[in-house]
Amino acid sequence: MSAEGLSTPPEAVPEHAAEFRKALGLFDSVMIVSGIMVGSGIFIVSAEISRQVGSAGWLLIAWIITGALTVAGALSYGELAAMMPAAGGMYVYLREALSPLVGFLYGWTLLTVIQTGTIAAVAIAFARFAGVTFPSISETNYLVAPINLLPGYAVSLSTAQATALFIILLIAVVNCCGVRWGKLIQNVFTVAKLLGMMLLLGLGAFAFFRSPSVFHANFADAWHPHNTVQIGHADIYTAFGMIVALCVSQTGSLFSADSWHDITFVAGEVRNPKRNLPLSLALGTSLVIVLYLLCNLCYLAVLPVHAIQNSPSDRVATQMVNTVLPGLGTFAMSVLIMVSTFGTVNGITLAGGRACYAMAQDGLFFRRAGRLNRQGVPASALMMQCAWALLLVLPRTYDSSTRTYGNLYSNLLDYVISAALIFYILTVFGIFRLRYTRPEMPRPYRCWGYPWLPGLYILGASIILGVLFCYRTATTWPGLLIVLSGVPVYWFLRRGAATHVRKTSAAASS
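Residues numbered from 1 in each chain as written. Predicted model: local features only at pLDDT ≥ 70, side-chain atom pairs only at ≥ 80, totals over all residues. Heavy atoms only, no water.

K.L.:
Any details on the sheet that holds strand β1 (residues 142-150)? Residues and values, ideally.
P.N.:
With antiparallel pairing, the 4 strands of this open sheet are ordered in space as β1-β2-β3-β4. The sheet is open, and its two borders are formed by β1 and β4 (404-407), each paired with just one other strand. Geometrically, the sheet is characterised by an average inter-axis angle of 35° between neighbouring strands, direction not taken into account. Judged from the 5 bridges that link them, β1 and strand β2 (residues 153-158) form a sheet pairing that is antiparallel. Note that in β2 the partner of Val-144 across the bridge is Leu-157. (Pairing = 2+ DSSP bridges. Helix = DSSP H or I, 4+ residues; strand = E, 2+ residues; numbered from the N terminus. Axes fitted to C-alpha atoms, helices over the stretch in contact; angles between N-to-C directions.)

Structure representation (structure tokens):
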């Protein structure tokens, strides 16, 4: 297909049959922020983090770093969200603050991997935990056995993959029926998952007051690492080695707290966005970070650090519940994670379609994606996002030495975690640039603690990014290549859009 068929500049996009509907209030917005953040990560990644940092105290420090970065980022983004409350979120901020190319590279990475890969990964997580209750749902129960296509890669269709495909398609179709349906699902499932987390916290508190000996033992030696994995040549027992370990551990914890900014994608549907967007970012991220810290305290109140490090399949929360209520943990946590992941897929689907819409409005995506249906939602953009997420579920990686199959999107997500951090840094830097280049723009909300808070965010995130590029080369450098692969695509689309404008102008004048 030619570039002309892909996109047109904004002035060539036909009039919409509908407009975005202001259907999201403050409560809805907070539910989107917190509901997207809480998936399955908080119930799993503490096992890997504890193997990297090796002790109770450093485990909590790792999560505190994540919390500080997340809340600082949210407070910083609030200024941009209030200034530019339009569909598209970070894509719009990067386009306006830096350049259209930088904005496109973010949108390219978001569409090809970040948003769609996360949808695929979280949908598979739903299917895996559904398999606890329904054993026929399994990644090894094949409807179509793996077909090796390239060395190290195959495609297959297991019952778990089929379940994930159904969930992705169902949620996309429901969201095409209007933002009210999307927000209803989001509100119900987010409230349910938050209540489930509160029950988990209550169980941890009960275990602590019944027998505080485990908690006291964990913190009696809180700062001495044990049984850690080796990270490059860094010595975990030195200050520099611990800094490296804490930075590398952010790969898991930041991913577990990621996507909090997705509310900015749906800014065009938020009522009183100049107030509600910054407020929802601050409230939603703060709520989740507090819950995450409390969850880790509960793990440490029930399980010794070595038990957290060796949790079966890294399912720390399941092991904790089984320890307090033997026999119930596996089922209870599978239900909670199914609820949690279903709501996360819904929130990411709802938000991501608006980013595709904004790109199409700028002539950098399929023209149909820049139109709204009668319900006031970008249905075509939602279904295009859905189609790519469905495709990402099918490919498998293959390890010939162990003869095991993995998931392609898991590798892609590893690649772009560091790339996403680059865009977060650039977006926060955009606050400084816009204050200098466009001081006249109305700023209903000014970043709290400016310039120190956004400056510290940039510094902290840059240190983590630098360590990842030095000590996680297998995943960071390929991620950068994925981002840069969007450069020729951008120039191809821009050239095609310019050609279309010339042809349209010539036809109109003849």
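K.L.:
I'd like a description of the nonpolar core, backed by residues and values.
P.N.:
Ranked by size, the top nonpolar core spans 161 residues in total, and within it Phe-43, Leu-200 and Tyr-299 carry the most contacts. Here this core gets 17 residues from one element, more than from any other, and that element is helix α6 (residues 100-133). (Core = buried A, V, L, I, M, F, W, Y, C linked by side-chain atoms within 4.5 Å. Buried < 20%, exposed > 50% of the residue type's maximum accessible area, 1.4 Å probe, protein only.)

K.L.:
Please give an account of the packing of aromatic side chains that cites residues and values.
P.N.:
One pass over the structure, following the stated rule, counts 18 aromatic pairs. Aromatic side chains Tyr-77 and Trp-260 sit 4.8 Å apart centroid to centroid with 70° between the ring planes, which places their arrangement in the edge-to-face category. One end of the pair, Tyr-77, is in helix α4 (residues 56-83); the other, Trp-260, is in the loop between α10 (239-256) and α11 (273-302), with 183 residues separating them in the sequence. As far as burial versus exposure is concerned, Tyr-77 and Trp-260 are alike and both buried. Taken together, a centroid distance of 5.2 Å and an interplanar angle of 75° make the contact between Phe-365 and Phe-366 edge-to-face. For Phe-366, a relative accessible area of 31% gives the class partly exposed. (Phe/Tyr/Trp six-rings, centres within 6.5 Å; stacked < 30°, edge-to-face > 60°.)

K.L.:
I'd like a description of helix α3 (residues 46-53), backed by residues and values.
P.N.:
Burial within α3 is extensive, with 7 of its 8 residues counted as buried. Those residues of α3 not exposed but buried are Ser-46, Ala-47, Ile-49, Ser-50, Arg-51, Gln-52 and Val-53. Where α3 is buried, its residues touch α4, α10, α11, α12 (305-309) and α13 (316-324). Just downstream of α3 lies Gly-54, where phi reads positive at about 85°. (Contact = heavy atoms within 4.5 Å.)

K.L.:
Would you mind going over the layout of surface pockets in detail, with residue names and values included?
P.N.:
Here the largest pocket defines a volume of roughly 1100 Å³. What lines the largest pocket is a set of 42 residues, among which Ile-44, Val-45, Gly-252, Phe-255 and Asp-414 lie closest to the centre. Of all the elements in the fold, those that place two or more residues in the lining of the largest pocket are α2 (26-37), α3, α6, α10, α14 (329-361), α16 (408-437) and α18 (473-484). Each residue belonging to the lining of the largest pocket can be placed in one class, and the counts come to 16 nonpolar, 18 polar and 8 charged. Here the second largest pocket defines a volume of roughly 300 Å³. The wall of the second largest pocket is formed by 13 residues, among which Trp-108, Leu-111, Thr-112, Phe-365 and Phe-366 lie closest to the centre. Going through the elements one at a time, α6, α15 (379-393) and α19 (486-509) are the ones with two or more residues in the lining of the second largest pocket. (1 Å grid on protein atoms, 1.4 Å probe; cavity = no way out; pocket = protein on both sides within 12 Å on 5 of 7 lines; lining within 4 Å. Points joined across faces, edges and corners; volume = space filled by probe spheres on them. Nonpolar A, V, L, I, M, F, W, Y, C, P; charged D, E, K, R; others polar.)

K.L.:
Account for the packing of α6 against helix α7 (residues 159-176), naming residues and giving values.
P.N.:
One way to put it is that α6 packs onto α7 with a least axis distance of 8 Å and a crossing angle of 120°. As summarised for this structure, α6 and α7 are arranged oblique, according to the angle between their axes. In this structure, α6 meets α7 at a crossing whose hand is right-handed. Taken together, the residues of α7 that come into contact with α6 (itself represented by Ile-119, Ala-120, Ala-123, Ile-124, Phe-126 and Ala-127) are Ala-160, Gln-161, Thr-163, Ala-164, Ile-167 and Ile-168. (Parallel < 35°, antiparallel > 145°, perpendicular 65-115°, else oblique. Left-handed = near helix turned anticlockwise from the far one by under 90°.)

K.L.:
Which residues make up the environment of Val-290, and what are the values?
P.N.:
Relative to the elements of secondary structure, Val-290 occurs in helix α11. Counting along the chain gives 226 residues from Val-290 to Ile-64, while the straight-line C-alpha distance between them is 9.4 Å.

K.L.:
How would you explain the pattern of salt bridges if you had to name every residue and give the values?
P.N.:
For the structure shown, the criterion picks out 10 salt bridges. Between Arg-438 and Glu-96 there is a salt bridge whose closest N-O contact spans 3.0 Å. Here the residue Arg-438 occupies a position in the loop between α16 and α17 (452-471), and Glu-96 occupies one in helix α5 (residues 90-97), the gap between them amounting to 342 residues. Since its relative accessible area comes to 27%, Arg-438 is described here as partly exposed. One salt bridge in this structure joins Glu-269 and Arg-354, with 2.7 Å as the shortest N-O distance. In this pair, Glu-269 is assigned in the loop between α10 and α11 and Arg-354 in helix α14, connecting sequence segments 85 residues apart. Residues participating in the shared-partner salt-bridge network are Arg-95, Glu-96, Asp-362 and Arg-438. (Salt bridge = Lys/Arg side-chain N within 4 Å of Asp/Glu carboxyl O.)

Note that every value here comes from positions in space, so none of it alone points to a role or purpose.
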